[in-house]
Amino acid sequence: MSPATRVLHWYDQHGRTLPWRDTENAYQILVSEIMLQQTQVSRVLEYYPRWLALFPDWTSLAQATNAEVIRAWSGLGYNRRALMLRDIARAVLARGEPKNQQDWQTLKGIGPYTAAALAAFSLHARILPIDTNIRRVGARLLLGVPFPSLKQDERIQRAAENFLPRRGRFYEIPQALFDLATLVCTKTPHCLTCPMRSTCLAAPKFIAGRIRIPKRSIKKSVETRHRDKPYPDRIYRGRILHLVQKKRRVSLKRVGALIDETFDATQDQAWLLRMLDRMEKDHLIDLKTRFVQLHVET
Ligand code: SF4
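Residues numbered from 1 in each chain as written. Predicted model: local features only at pLDDT ≥ 70, side-chain atom pairs only at ≥ 80, totals over all residues. Heavy atoms only, no water.

1. What to know about the overall build of the chain
Right, on to step 1. Scanning the chain from N- to C-terminus turns up 15 helices and 3 strands.
Right, on to step 2. Dimensions of the chain, computed from C-alpha atoms along their principal axes, come out at roughly 70 × 45 × 30 Å.
Right, on to step 3. Looking at the chain as a whole, 47% of its 298 residues qualify as buried.
Right, on to step 4. Expressed as a percentage of contacts within the chain between residues at least 6 apart in sequence, the contacts between residues at least 24 apart total 60%.
Right, on to step 5. On the chain, the mean spot of the 49 positive side-chain charges and the mean spot of the 28 negative ones are 6 Å from each other. (Helix = DSSP H or I, 4+ residues; strand = E, 2+ residues; numbered from the N terminus. Buried < 20%, exposed > 50% of the residue type's maximum accessible area, 1.4 Å probe, protein only. Contact = heavy atoms within 4.5 Å. Lys, Arg positive; Asp, Glu negative; His and termini not counted. Charge placed at Lys NZ, Arg CZ, Asp CG, Glu CD.)

2. Side note on the nonpolar core
Right, on to step 1. Ranked by size, the top nonpolar core spans 61 residues in total, and within it Met35, Trp51, Trp58, Val69 and Trp104 carry the most contacts.
Right, on to step 2. Residue contributions to this core reach at least three from each of two domains, namely domain 2 (25–123) and domain 3 (233–294).
Right, on to step 3. The contact partners of Trp58, leaving out residues within four places of it in the chain, are Ala26, Tyr27, Leu30, Ile88, Ala89, Val92, Leu93, Glu97 and Trp104.
Right, on to step 4. Of all hydrophobic cores here, the second largest spans 35 residues; its members include Leu128, Leu143, Ile173 and Val184. (Core = buried A, V, L, I, M, F, W, Y, C linked by side-chain atoms within 4.5 Å. Domains from an automatic or database assignment.)

3. What about unusual backbone geometry?
Right, on to step 1. At Tyr78, a residue that is not glycine, the phi angle is positive and equals roughly 45°.
Right, on to step 2. Structurally, Tyr78 is set in the loop between helix 5 (66–73) and helix 6 (80–95).
Right, on to step 3. At His124, a position not held by glycine, the phi torsion is positive, near 55°.
Right, on to step 4. Here His124 lies in the loop between helix 8 (112–123) and helix 9 (132–143).

4. Concerning the pattern of salt bridges
Pairing between side chains of opposite charge can happen when the charged atoms of each approach one another.
Right, on to step 1. The full count for this structure, using the stated rule, is 15 salt bridges.
Right, on to step 2. Residue Asp268 pairs with Lys229 through a salt bridge whose shortest N-O separation is 2.9 Å. Of this pair, Asp268 sits in helix 15 (residues 265–281) while Lys229 is found in the loop between helix 12 (203–207) and helix 13 (233–246), placing the two residues 39 residues apart along the sequence.
Right, on to step 3. Overall, the relative accessible area of 3% leaves Lys229 in the buried class.
Right, on to step 4. Taken together, the shared-partner salt bridges connect Arg227, Asp228, Lys229, Asp260 and Asp268 into one network. (Salt bridge = Lys/Arg side-chain N within 4 Å of Asp/Glu carboxyl O.)

5. What to know about the packing of helix 13 against helix 14 (residues 252–259)
Right, on to step 1. At their nearest, the axes of helix 13 and helix 14 sit 10 Å apart, and the two run at 125° to each other. Regarding the angle of helix 13 to helix 14, the classification is oblique. Every pair of crossing elements has a handedness; the one defined by helix 13 and helix 14 is right-handed. Residues Tyr236, Arg239, Ile240 and Leu243 of helix 13 lie in contact with helix 14, whose contacting residues are Val255, Leu258 and Ile259. (Axes fitted to C-alpha atoms, helices over the stretch in contact; angles between N-to-C directions. Parallel < 35°, antiparallel > 145°, perpendicular 65-115°, else oblique. Left-handed = near helix turned anticlockwise from the far one by under 90°.)

6. A closer look at the domain arrangement of the chain
Right, on to step 1. Taken domain by domain, the chain holds domain 1 (1–14 + 126–221), domain 2 (25–123) and domain 3 (233–294).
Right, on to step 2. Domain 1 puts 7 residues into the contact, and the matching count from domain 2 is 7 residues.
Right, on to step 3. Overall, the association of domain 1 and domain 2 removes approximately 580 Å² of surface from exposure, summing both partners, and the carbon and sulfur fraction of that is 76%.
Right, on to step 4. On the domain 1 side of the contact with domain 2, Ile127, Pro129 and Gln175 bury the most area, a combined 64% of that side's loss.
Right, on to step 5. Viewed at the interface, domain 2 and domain 1 are joined by 0 salt bridges.
Right, on to step 6. At the boundary of domain 1 and domain 2, one finds 0 residue pairs in polar contact (both at pLDDT 80 or more).
Right, on to step 7. A per-class count over the side of domain 1 that touches domain 2 returns 5 nonpolar, 1 polar and 1 charged. (Buried area = accessible area lost by both parts, 1.4 Å probe. Polar contact = N/O pair within 3.5 Å; in protein donor to acceptor, adjacent residues only side chain to side chain. Nonpolar A, V, L, I, M, F, W, Y, C, P; charged D, E, K, R; others polar.)

7. Digging into the site of the ligand
Right, on to step 1. Near the ligand, the surroundings consist of Arg140, Cys185, Pro189, Cys191, Cys194, Arg197, Cys200, Ala203 and Phe206.
Right, on to step 2. Considered class by class, the residues forming the shell around the ligand number 7 nonpolar, no polar and 2 charged. (Near = heavy atom within 4 Å.)

Structure (structure tokens):
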């Protein structure tokens with residue numbers, strides 16, 4: 001049995017059933033990919049069917065206003081993703097649905113991984129979309145690199161050329177590897193129960209205990225936070241959005257106290273205005289002289 005067949009065989013028995021794996025519809029796949037960015041699968045499972053019921057295709061989403069998409073997205077966080085998705089729908093309607101990875105990547109908001117995922121899952125292109133999980137399992141399995149960085153992506157892609165079969169279910173291998181990475185080839189891999197251990201280039205090193213598992217790296221938060229506020233700015237921006245969704249408009253003088261009980265007009269006013277300004281640039285709100293309101297499209 002080839003390594004690719006073995007991973008598919010394992011996938012048939014242990015792979016997760018997820019609704020976006022049952023479709024080749026590019027719109028539905030893109031919705032799942034954008035939702036899955038920075039959001040857990042369990043949460044996406046709640047929102048995905050609701051979103052598709054409201055916006056079943058490119059056209060319905062392209063016609064939606066900012067307020068409608070933000071309302072439907074509310075709770076998933078990072079609302080800009082919803083507006084970006086809507087703008088991609090508008091671009092697809094204007095230019096036609098891309099037919100390969102390169103064309104997908106020309107659309108604003110679609111990066112290399114998403115373009116590769118769309119090509120692999122909707123067009124059955126023979127490629128490996130490399131995200132963190134695929135990078136980890138791919139580098140271990142195909143290169144023998146236990147803890148890879150982005151630098152290994154090109155080598156993984158080249159090695160995948162041989163690994164991916166030319167016929168059959170090659171297009172299901174990325175999903176199979178994704179589940180293998182999530183369930184078996186985790187940071188501390190379970191090589192002894194892994195279906196790939198006989199051919200995996202990193203397995204001998206792990207099994208012999210020759211690899212030191214790095215301590216959890218303490219990543220510096222990239223989120224901005226104002227002086228001693230307990231939450232990052234994104235939480236306060238979420239509160240502002242919630243506020244203007246609930247009330248038609250909110251007086252500028254009251255916004256600060258309504259989103260933050262420790263709001264100090266002397267120390268926090270500039271911070272609040274910076275957040276409002278950014279939200280206006282993102283077309284989430286309209287900032288007027290005396291009040292703030294949900295963005296109205298003109
Ligand atoms: Fe990962 Fe170990 Fe399986 Fe290789 S054998 S793919 S390192 S779990």
